[in-house]
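Here is what each chain is made of, one letter per residue.
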Amino acid sequence: MTFFLRQVFELIRLLHSEAGTHQIAAGFALGLILGFSPAFSLQTVVVVLLLLMFRIQIGAALMGAFFFGLAAWALDPLHDVAGRAILEAEALAPLFTTLYNMPLLPLTRFYNSVTMGAMVVSMALAPAVYVIARWLVDKYRLTVVAWLRSTRLYKAMRTTSLAKWYLRYKELYG
Amino acid sequence: MDKVVTTPPEKPKREGLFRVGALLPLGLLAAVLYLYFLLLFDAHARWALESLATRAVGAEVNIGRLRTSFWGASLEMGDIQVTDADEPARNQLQIGRVRGQLLWDALLRGKVVVEEASIVDVAIDTPRARPGRVLPPPPPDEGASATDALLAEARSRYGGNLLGDLAALVAGGASGTSFDDIGEALASAQRLRGLEAELGVKEQAWRERLAALPGEEQLSGYEARLRQLKRNDFRNVQEVQRGLRELEAIEVEIEAAARQVQGTGNAISGDLQGVQKGLGEVDGLVQQDIRDLGARLKLPRLDAESLSGLLLGPDFADRLVQVRGYAARARAYLPERGPEEKPAQRQERERGTGKDYAFGRPNSYPAFWLKRAVISSSALGAGIAADLEGSIVDLASDPVAIGRPLQVHLKGSFPMRGVYDAEARLVVDHTTPVPAERFSLALGRYAVGARELLASGPNRLGLAEARGRLRFEAQLQGESVDVHLEQTLSDVAYRIEAENDLLREALAGAAEEVSTVEMRARAHGTWSQLEWSARSNLGAALQRSFSRQFQRQLDEGRARVAAAVNERIGAERRRLEAQYASLERTLQGAVAERQAEIKRLEAELERGKTQLREARQALEDRIAAEAERARQAQERQLKEEADKAKQELRKRIGL
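Given the structure is predicted, the values throughout are model-derived calculations rather than measurements.

## Regarding the overall build of chain A
Stage number 1. Along its length, chain A carries 8 helices and 0 strands.
Stage number 2. Written out in order from the N terminus, the α and β elements of chain A read α-α-α-α-α-α-α-α.
Stage number 3. The 174 residues of chain A split such that 31% are buried.
Stage number 4. Within chain A, counting contacts between residues at least 6 apart in sequence, those at least 24 apart form 80% of the total.

Structure representation (structure tokens):
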């Protein structure tokens, strides 16, 4: 739990810093895939491994997974329709038959209409989410963070001993 | 001057692509997973399997222990207890140990395939430590209603209170029964009343139709017009043609009248036949009324088949209901191939969220497949109730994918239950377009304890003990069913209780005659329409014995019933038959009269036509002859004139 909370705080810290735009955007994109995938499936494992192995913002991925998961739940009927259309396409039947009988791939549960629909939608939207997330992070830094820093409250807080202590701690231990 | 020392701004630490710091959480996650599988997974899997099996069986299923091996891909379960839904304090089945080896190849594809399993230490009907939970029956569906109908049919066929009725008959209970109030209840009387009302309505309609038929005045008019028609002494052909046209106009009108009479005649004949058929049905209803009143008088049917049915029917019906239940379950859990489905085609099934598609192909793994399980159990083991060996082959969630039927074979004895030389075979073939199930059970020898064959109040015919042999076969294919039961009970010790001596003597007489009871029952057809039959030498012996003792009373009772029915409906029936006969005469006579009149007119019409045609022909012949004569005269005149001209010319030129 501490690990996950730390990741969320790290996200807030990164948002208020000058770096990590790509990491945050990539985190949201992977969060989309995570949120649209069944909890126990091969693709979830793969995404989690990617998050752990590469320097992608896990907090962004977790927040993305939570909010996109809610959206996915609401959109399940549409995913079902899309999945049925794809799985019932005669032209794709040989491909699906091959995949269905291959090792490991059935563990993605691609043969389920909702899973297939959600998977296709999330894969299609992931690049767009990445681009939009980057733009939003930049916008956030330019407007919200800049405005926050210009407020008297922020300036007053910066002068407190607690803030100084925190900044010193951060300087020393990162 | 102080030297100002400035520290250069710290260069941000460049971070690599990989997150080295995540190795620890990753390792931690792996450790947690490992610990979960080591400590908790078996318990969770056991709980999940228990829940699934309980829902499938409809009664609590317990798994004493479950052990899985991840690296060995094996599963072992012990002390499996299946609660008997009818007797929750006992187990229907108890299995000591089940061990199976799973295929990694299939597991990687998300399927469970057990290459070889062993099932050992099987027992049936064992006591439970505490009563098992029995799930409420599922909401009624088509299968349940068909089962209810099956039970209702069996009850109506094999129910009854034979011994009580016979005892009452002997005691003279039937003689005091009054039939004063039967008037409204008789089906035959109700039908007669219906027919009377129907006849009244129809009579009105028939009379209206008869009134609409061409009357005497109309037909006389045709006749007068025919008579007035000129038939000879025609001056010219035009006059004949005018006559023929008038004749044709009369013919059209007579034909229309003839069609109307014919249509009315046909309709009335059809209606009369309907009424006659209704009167014929009354005979059948009278017989039904006699049977119903016989039941009210409690006159039992003493034919051998009815008696055999009473002996064997209830037990047989229970077995049929069991067969139906198991077959329905097999068809629910082992999906059959659709009528138009090809072997490698996709199959689908609905799920709560979305739909799962199976893209199986021949010889591919189904979601679950137990290739072979060997069953062995020894009665010598402590607490083991079965001496059993057998096998389960090709138990699969998708029989079409593997293309092989499920086969179960069991052979052995249950010494603690007194059952020896038992053999059961089950083949569930859902690989063909029409699903088929075959089940056979043979018990070479089994002990029969106290059992009642016929019981009504204090009157009982039962077995104190006997030795049994049984053969049961059930074949189901699509909707068709064929079930046989053959049972032989030898060394029979009967138990007879009766409230009067006559009944006791009759039962004892039949029992003395039959020392080995043979019973055969068969039901075939479809679940909704089964043909039942039952035969037993004990039934035949009871028939003979009862007939000897009770025939006189039965004949008297039946005669009373027949007399009561005839008395109630006889007069009404005779009146209706007389009314029908009178109407038939009147109506058909009226129609026949019109038809005869029309026939006469048609004959007259035909005669007139012939005469006019002859007259026309004669006139035409005369005209032709006169024309020929004129032509010849003209020819002669021309020839004379030509000769004369020739003579004149010769004279002029001096020849």
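Here the narrative resumes.
## Focus: the overall build of chain B
Stage number 1. What chain B contains, in helices and strands, is 11 helices and 16 strands.
Stage number 2. Evaluated residue by residue, chain B yields a buried proportion of 26% over its 655 residues.
Stage number 3. For chain B, the share of sequence-separated contacts (at least 6 apart) that also reach a separation of at least 24 residues comes to 70%.

## Considerations on the interface of chain B and chain A
The accessible area lost on association of the parts is a frequent measure of interface size.
Stage number 1. Facing 20 residues of chain B, the contacting portion of chain A comprises 24 residues.
Stage number 2. Considering every element that reaches the side of chain B that touches chain A, the biggest residue donor is strand β6 (residues 355-358) of chain B, with 4 residues.
Stage number 3. The class makeup of the residues in the side of chain B that touches chain A is 9 nonpolar, 4 polar and 7 charged.

## Details of the packing of helix α2 (residues 21-36) of chain A against helix α6 (residues 113-150) of chain A
Residue and element names in this part refer to chain A.
Stage number 1. Running from N to C, α2 and α6 point in directions that differ by 155°, and their axes come no closer than 8 Å. Regarding the angle of α2 to α6, the classification is roughly antiparallel. Read as a crossing pair, α2 and α6 show a hand that is right-handed. Residues Thr21, Ile24, Ala25, Ala26, Phe28, Ala29, Leu32, Ile33 and Phe36 of α2 lie in contact with α6, whose contacting residues are Ala118, Met119, Val121, Ser122, Leu125, Ala126, Val129, Tyr130, Ala133, Arg134, Val137 and Asp138.

## Here's the deal with unusual backbone geometry
Stage number 1. The residue Leu104 of chain A is not glycine, and still its phi comes out positive at about 70°.
Stage number 2. Its location among the elements puts Leu104 of chain A in the loop between α5 (93-100) and α6.
Stage number 3. On the basis of neighbour count, Leu104 of chain A is assigned to the exposed category, with 11 C-beta atoms found within 10 Å.
Stage number 4. A positive phi angle, close to 55°, is found at Asp421 of chain B, a residue other than glycine.
Stage number 5. One can find Asp421 of chain B in strand β10 (residues 419-429).
Stage number 6. When the 13 C-beta atoms within 10 Å are taken as the criterion, Asp421 of chain B is described as partly exposed.

## Side note on helix α5 (residues 187-211) of chain B
Stage number 1. Along its 25 residues, α5 of chain B runs 36 Å from first to last C-alpha, staying within 8% of the 36 Å computed at 1.5 Å per residue.
Stage number 2. Taken together, the buried positions of α5 of chain B are occupied by Ser188, Ala189, Arg191, Leu192, Leu195, Leu199 and Trp206 of chain B.

## Structural notes on the environment of Gln595 of chain B
Residue and element names in this part refer to chain B.
Stage number 1. Structurally, the position occupied by Gln595 is in helix α11 (residues 537-653).
Stage number 2. For Gln595, a count of 15 C-beta atoms within 10 Å corresponds to the partly exposed category.
Stage number 3. In this structure, the C-alpha to C-alpha distance between Gln595 and Ala258, residues 337 residues apart in sequence, is 7.0 Å.
Stage number 4. When near neighbours in sequence (up to four residues on either side) are disregarded, Gln595 contacts Val261 and Gly265.

## A word on the packing of helix α4 (residues 58-87) of chain A against α6 of chain A
Residues and elements named next belong to chain A.
Stage number 1. α6 packs onto α4 with a crossing angle of 100° between their chain directions and a minimal axis gap of 6 Å. Comparing their axes, α6 and α4 come out roughly perpendicular. When α4 is examined against α6, the residues Ala72, Asp76, His79, Asp80, Val81, Ala82, Gly83, Arg84, Ile86 and Leu87 are found in contact with a partner set consisting of Ser113, Val114, Thr115, Met116, Gly117, Ala118, Val120 and Val121.
Stage number 2. Residues that form the contact of α4 with α6 fall into these classes: 10 nonpolar, 5 polar and 3 charged.

## Description of the pairing of strand β4 (residues 112-127) of chain B
Residues and elements named next belong to chain B.
Stage number 1. The sheet contact formed by strand β3 (residues 87-102) and β4 spans 11 bridges and is antiparallel. When the sheet's bridge partners are listed, Arg90 is paired in β4 with Pro127.
Stage number 2. Note that β4 and strand β7 (residues 368-377) share 7 bridges and pair parallel. In the sheet register, Val114 faces β7, and the bridge partner there is Leu370.

## Regarding the environment of Gln579 of chain B
Stage number 1. Mapped onto the elements of the fold, Gln579 of chain B is located in helix α11.
Stage number 2. Look at Gln579 of chain B and you get partly exposed, because 16 C-beta atoms sit within 10 Å.

## Some words on the nonpolar core
Stage number 1. Residues Leu311 and Leu507 of chain B are the most contacted members of the largest nonpolar core, which totals 40 residues.
Stage number 2. In terms of residues, this core owes the most to one element, helix α8 (residues 304-333) of chain B, which gives 8 residues.
Stage number 3. Non-local contacts of Leu311 of chain B, meaning those with residues more than four positions away in its chain, are made with Leu453, Leu454, Met519, Ser536, Leu538 and Gly539 of chain B.
Stage number 4. In this structure, Ile24, Phe28, Leu34 and Phe96 of chain A belong to the second largest nonpolar core, which totals 35 residues.

## Things to note about the pairing of strand β9 (residues 406-414) of chain B
Residues and elements named next belong to chain B.
Stage number 1. Relative to β9, strand β8 (residues 387-396) is paired through 7 bridges, and the arrangement is antiparallel. Each bridged residue has a counterpart across the sheet, and for Ser391 the counterpart in β9 is His409.
Stage number 2. Looking at chain direction, β9 and β10 are connected through 8 bridges and run antiparallel. The residue of β10 that forms the bridge with Gly412 is Ala422.
Stage number 3. With antiparallel pairing between neighbouring strands as the criterion, β9 and β10 make up a hairpin whose turn holds 4 residues, including Gly418 at a positive phi of roughly 70°.

## Notes on the confidence of the model for chain A
Stage number 1. Of the residues in chain A, 88% have a pLDDT of 70 or more, and the chain-wide mean is 85.
Stage number 2. Within chain A, helix α1 (residues 2-15) of chain A has the poorest average pLDDT of any element, 66, and α2 of chain A the best, 91.

## What about the confidence of the model for chain B?
Residue and element names in this part refer to chain B.
Stage number 1. Chain-level statistics for chain B give a pLDDT mean of 81 and a share of 84% at 70 or above.
Stage number 2. Long-range and interchain partners of residues 340-345, a stretch whose pLDDT sits below 50, account for 5 contacts in this model, where long-range means more than four residues apart.
Stage number 3. Among the scores for the predicted complex, ipTM is 0.72 and pTM is 0.58.

So, how was this worked out
- Residues numbered from 1 in each chain as written.
- Chains lettered and ligands numbered in written order.
- Predicted model: local features only at pLDDT ≥ 70, side-chain atom pairs only at ≥ 80, totals over all residues.
- Helix = DSSP H or I, 4+ residues; strand = E, 2+ residues; numbered from the N terminus.
- Buried ≥ 20, exposed ≤ 12 C-beta atoms within 10 Å, placed from the backbone.
- Contact = placed C-beta atoms within 7 Å.
- Nonpolar A, V, L, I, M, F, W, Y, C, P; charged D, E, K, R; others polar.
- Axes fitted to C-alpha atoms, helices over the stretch in contact; angles between N-to-C directions.
- Parallel < 35°, antiparallel > 145°, perpendicular 65-115°, else oblique.
- Left-handed = near helix turned anticlockwise from the far one by under 90°.
- Expected span 1.5 Å × (residues − 1).
- Pairing = 2+ DSSP bridges.
- Core = buried A, V, L, I, M, F, W, Y, C linked by C-beta atoms within 7 Å.
- pLDDT = per-residue confidence, 0-100.

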